[in-house]
Amino acid sequence: MLHFIFLVTRDDLDTRTGEYQYIQLLSEFYKKWIHDTFSKDIEVQCDQMLVQKQSILRRIDTATLLEDHRKRGQETFHFYLCNFRPLWTDCTCEGYHAENFGMIYWQKPKNQNDISFMAQKNCTAVSHELSHEFLRQKKFKKHAELVHDVWSKHIFGDLPFVQYGKNFEPTTKDPYFMTIDTTDMKVIV
Ligand SMILES: [Zn+2]
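Quick summary incoming for the structure in this document. The numbering scheme is per chain: residues are counted from 1 as the chain's sequence reads. Per-residue local features of the predicted model are confined to residues with pLDDT of at least 70, and side-chain atom pairs are confined, for both listing and counting, to 80 or more; whole-chain, interface and lining totals are unaffected and use all residues.

Elements are defined by DSSP. Helices are runs of H or I of four residues or more, strands are runs of E of two residues or more, and each kind is numbered from the N terminus. Looking only at helices and strands, the chain has five helices and seven strands in total. Reading the chain from its N terminus to its C terminus gives the helix and strand order β-α-β-α-β-β-β-α-α-β-β-α. Computed over C-alpha atoms, the radius of gyration of the chain comes to 16 Å, within 12% of the 16 Å expected from 2.2 N^0.38 for 189 residues, which places it in the range of a compact globule. When its C-alpha atoms are laid out on the principal axes, the chain stretches across 45 × 35 × 30 Å. Any residue with 12 or fewer other C-beta atoms within 10 Å of its own C-beta is exposed, any with 20 or more is buried, and the rest are partly exposed; the C-beta atoms used are placed from the backbone. Here the chain, with 189 residues, has 34% of them falling under the buried criterion. Any pair of residues counts as being in contact when their C-beta atoms, constructed from backbone geometry, are within 7 Å of one another. If you take every contact in the chain between residues at least 6 apart in sequence, the share linking residues at least 24 apart comes to 61%. The globule rule used for comparison is 2.2 Å times the number of residues to the exponent 0.38, while the radius of gyration itself is calculated over C-alpha atoms.

Here a helix's expected span is defined as the number of its residues, less one, multiplied by 1.5 Å. Helix length check: helix 4 (residues 143–155), at 13 residues, gives a terminal C-alpha distance of 18 Å against a target of 18 Å (1.5 Å per residue), a fit within 8%. Every buried residue belonging to helix 4 is among His 143, Val 147, Val 150 and Trp 151, and all of these are buried. The arc enclosing the buried residues of helix 4, seen along the axis, measures out at 105 degrees, which places them on a common side. In helix 4, the exposed residues that point more than 90 degrees away from the buried face are Glu 145, Asp 149 and Ser 152. Turning to helix 4, the residues buried within the fold contact helix 3 (115–137) and helix 5 (183–188). Here, the arc refers to the directions that run from the helix axis to the C-beta atoms.

For helix 1 (residues 17–38), which comprises 22 residues, the first-to-last C-alpha distance of 31 Å matches the rise-based estimate of 32 Å (1.5 Å per residue) to within 8%. Buried residues of helix 1: Glu 19, Tyr 22, Ile 23, Leu 26, Phe 29, Tyr 30, Trp 33, Ile 34, Thr 37 and Phe 38, and no others. Angular distribution of buried residues about the axis of helix 1 spans 145 degrees; they occupy a single face of the element. Residues Gln 21, Glu 28 and His 35 are exposed on helix 1 and point more than 90 degrees away from its buried face. Once helix 1 ends, the next one or two residues include Ser 39, with phi positive near 50 degrees.

Structure, rendered in C-alpha cells:
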C-alpha cells in the first residue's frame with residue numbers, strides 16, 4: 001500500500017481543494033506509473049492531515065513524520081506532501097526518503113487550477129523520491145547516484161521531464177503529470 005498524505009493547516013483547508021483534487025488524481029497516476037516502471041502492483045490511498053502552522057514554537061519536521069509513519073504502520077509506504085522543507089537530506093530535490101517513507105516540500109501554486117505548476121514542481125519531485133525507494137526495494141545499491149544523475153540532466157541539462165496527460169498516457173502537449181525519465185531505471189528492474 002502506498003499512502004499519500006497532504007499536510008494542510010486548518011485555515012487553508014477550504015482554499016486548497018484544487019490541490020487536493022489534483023493529489024487524488026496524482027495518486028491514481030502513480031499507481032499506474034509504478035506498475036509500468038517498476039513492475040510492481042500497489043494499492044494507493046490518499047488523505048489530508050491537519051497540521052498547525054509552522055512556527056518557532058511548534059514545528060513539524062522530518063522526525064515528526066517518521067514517528068507518524070511508525071505509528072500508522074511501517075508496512076505501508078507513507079508519502080507526505082509537506083508544507084515545509086526537509087532540514088537534512090541527501091537529495092538534490094526538496095525531498096527525503098527512507099524505507100517505505102517519502103516526503104517532499106509541496107509548493108503551493110498561486111492559482112489552485114495551475115496544473116502545469118503542480119506537474120512541474122511537485123509531481124516531478126514525487127517521482128524522484130519514488131524512484132529511490134522502488135530501486136532500493138529492487139536491491140539496486142547505486143540508486144542514489146542513478147536518480148541524482150538523471151535529475152541533474154533534467155535540471156541542468158536539456159533532458160525534458162516525461163509528460164503524461166489527464167488519462168495517464170504519454171503526451172506531448174498540456175501535460176497533467178510530469179516525471180523523472182526512467183529509461184535507465186527500466187533496464188535495471
Ligand atoms: Zn534524491
